[in-house]
Amino acid sequence: MANAAHTEPAFTLVELLAVIGTLGILAGLLLPVFNNAKMAAKKIQCINNQREMSKTWLMYADDNNQVVAGNGRFYPPSVDAPGWVQGAFYYEPNTNLDNLLNPKLAQFASYIKDAKIYKCPTDRKDHIIPETGAVVPRVRSYAMNSFLGYRGEYDSRLSTGHRIFQSLAQLSAVSPSDIFLIQDVNPDSICWPFFGNYMNGEVFFNFPNASHRSGGVISFTDGHVEYHRWQDSRTFKPAKQGLPEYGLVDYHAHSHGSTTNQDLKWQRRHSTVAIAR
């Protein structure tokens, strides 16, 4: 007598749809967790980048009789006036790694050999040069406080009634933990090696980066690095100032008013001190 046919149990259509729905719910629950972990990892990498740069800044000063690394315009790049780095994003395709890694141009180059240190992991891969509209890779995300080591004629748009620190000894007279050293910059605002702050007006010269969940990473002259979350939406979502001929968002006019902005007050408070009269 032949055995009766044996049939394996199978999913019904309703059961299959229930499984698919459950997997979809799980994916929806886990995706924010993965995104948060990814963003946290990028913030940690940015902190590590700035920790390396702040350590280099202190080492450079120790190796040069307490004189801090040069900062300023440095355009066009020249071996006659080396700075911590060189290059300007507004005028040129600042893709030349010599501006970061050539010791004759960049004072940090003898200490930092990896160009990746200068790039925030949240930064866009490409940069549009406002002057020409050309799209090029960007090699630097960070800028240094303009009141540290500025060389040459000071930018007339910034206050000259405040101290420009040229040595660690000068900084020791204030509180080094309160003076910011380097911060990552809004990709549409970065240009010179320096980060400018108007000390006598409620105007943005440069916009800070806000890609780390509406905040940025900032190092200080005592060597510590911290994450700072911006409070005003005008800081982390600045109004557009366009260059219609290139279809660009551009903040290189360095005159973006933002009255009563607490983030601007924070920036000024941590930039420098007034010269005693």
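See the structure shown above.
Structure report, in brief. All figures in this text were calculated on a predicted structure; none of them were measured in a lab. (Residues numbered from 1 in each chain as written. Predicted model: local features only at pLDDT ≥ 70, side-chain atom pairs only at ≥ 80, totals over all residues. Heavy atoms only, no water.)

### A short note on the overall build of the protein chain
For step 1, the next point in the chain: Scanning the protein chain from N- to C-terminus turns up 5 helices and 11 strands.
For step 2, the next point in the chain: When burial is assessed residue by residue, the protein chain has 45% of its 277 residues classed as buried.
For step 3, the next point in the chain: By sequence separation, contacts in the protein chain at least 24 residues apart represent 67% of the contacts at least 6 residues apart.
For step 4, the next point in the chain: In the structure as shown, the protein chain presents an accessible area of about 14000 Å², 57% of it carried by carbon and sulfur atoms. (Helix = DSSP H or I, 4+ residues; strand = E, 2+ residues; numbered from the N terminus. Buried < 20%, exposed > 50% of the residue type's maximum accessible area, 1.4 Å probe, protein only. Contact = heavy atoms within 4.5 Å. Areas by Shrake-Rupley, 256 points an atom, 1.4 Å probe, with all protein chains shown as cover.)

### Notes on the pattern of salt bridges
Side chains bearing opposite charge may pair, as long as their charged atoms lie close to each other.
For step 1, the next point in the chain: Considering all chains together, one arrives at 3 salt bridges under this definition.
For step 2, the next point in the chain: For Lys55, the salt bridge goes to Glu52, with nearest N and O atoms at 3.6 Å. With Lys55 and Glu52 both in helix α1 (residues 13–63) and 3 residues apart, this pair spans about one turn of that helix.
For step 3, the next point in the chain: Given the relative accessible area of 43%, Lys55 is considered partly exposed. (Salt bridge = Lys/Arg side-chain N within 4 Å of Asp/Glu carboxyl O.)

### Here we look at the pairing of strand β3 (residues 142–145)
Every regular strand shows the same layout, with side chains that alternate between the two sheet faces.
For step 1, the next point in the chain: Bridge count between β3 and strand β4 (residues 180–184): 3 bridges; the pairing is antiparallel. Residue pairing for β4: Tyr142 is matched across the bridge by Asp184.
For step 2, the next point in the chain: Two elements, β3 and strand β5 (residues 194–195), share 2 bridges in a ladder whose sense is parallel. Bridge assignment links Met144 to a residue of β5, and that residue is Phe194. (Pairing = 2+ DSSP bridges.)

### Overview of the packing of aromatic side chains
Two aromatic rings are characterised by how far apart their centres lie and by the angle between their planes.
For step 1, the next point in the chain: Counted according to the given criterion, the structure contains 9 aromatic pairs.
For step 2, the next point in the chain: Taken together, a centroid distance of 5.5 Å and an interplanar angle of 65° make the contact between Tyr150 and Phe194 edge-to-face. Highlighted residues: Tyr150 in the loop between β3 and α3 (168–172) and Phe194 in strand β5, separated in sequence by 44 residues. The residues Tyr150 and Phe194 share a single accessibility class, namely buried.
For step 3, the next point in the chain: Here the aromatic rings of Phe180 and Phe195 are separated by 6.0 Å at their centres, their planes lie at 85°, and the arrangement is edge-to-face. In this pair, Phe180 sits in strand β4 while Phe195 sits in strand β5, placing the two residues 15 residues apart along the sequence.
For step 4, the next point in the chain: Members of the aromatic cluster, each reached through a chain of ring pairs, are Tyr150, Phe194, Tyr198 and Phe205.
For step 5, the next point in the chain: Just above the ring of Tyr227 sits the side chain of Lys43; from NZ or CZ to the centre is 4.3 Å. (Phe/Tyr/Trp six-rings, centres within 6.5 Å; stacked < 30°, edge-to-face > 60°. Lys NZ or Arg CZ within 6 Å of the ring centre and 35° of its normal.)

Everything listed is a geometric property; what it means functionally is a separate question.
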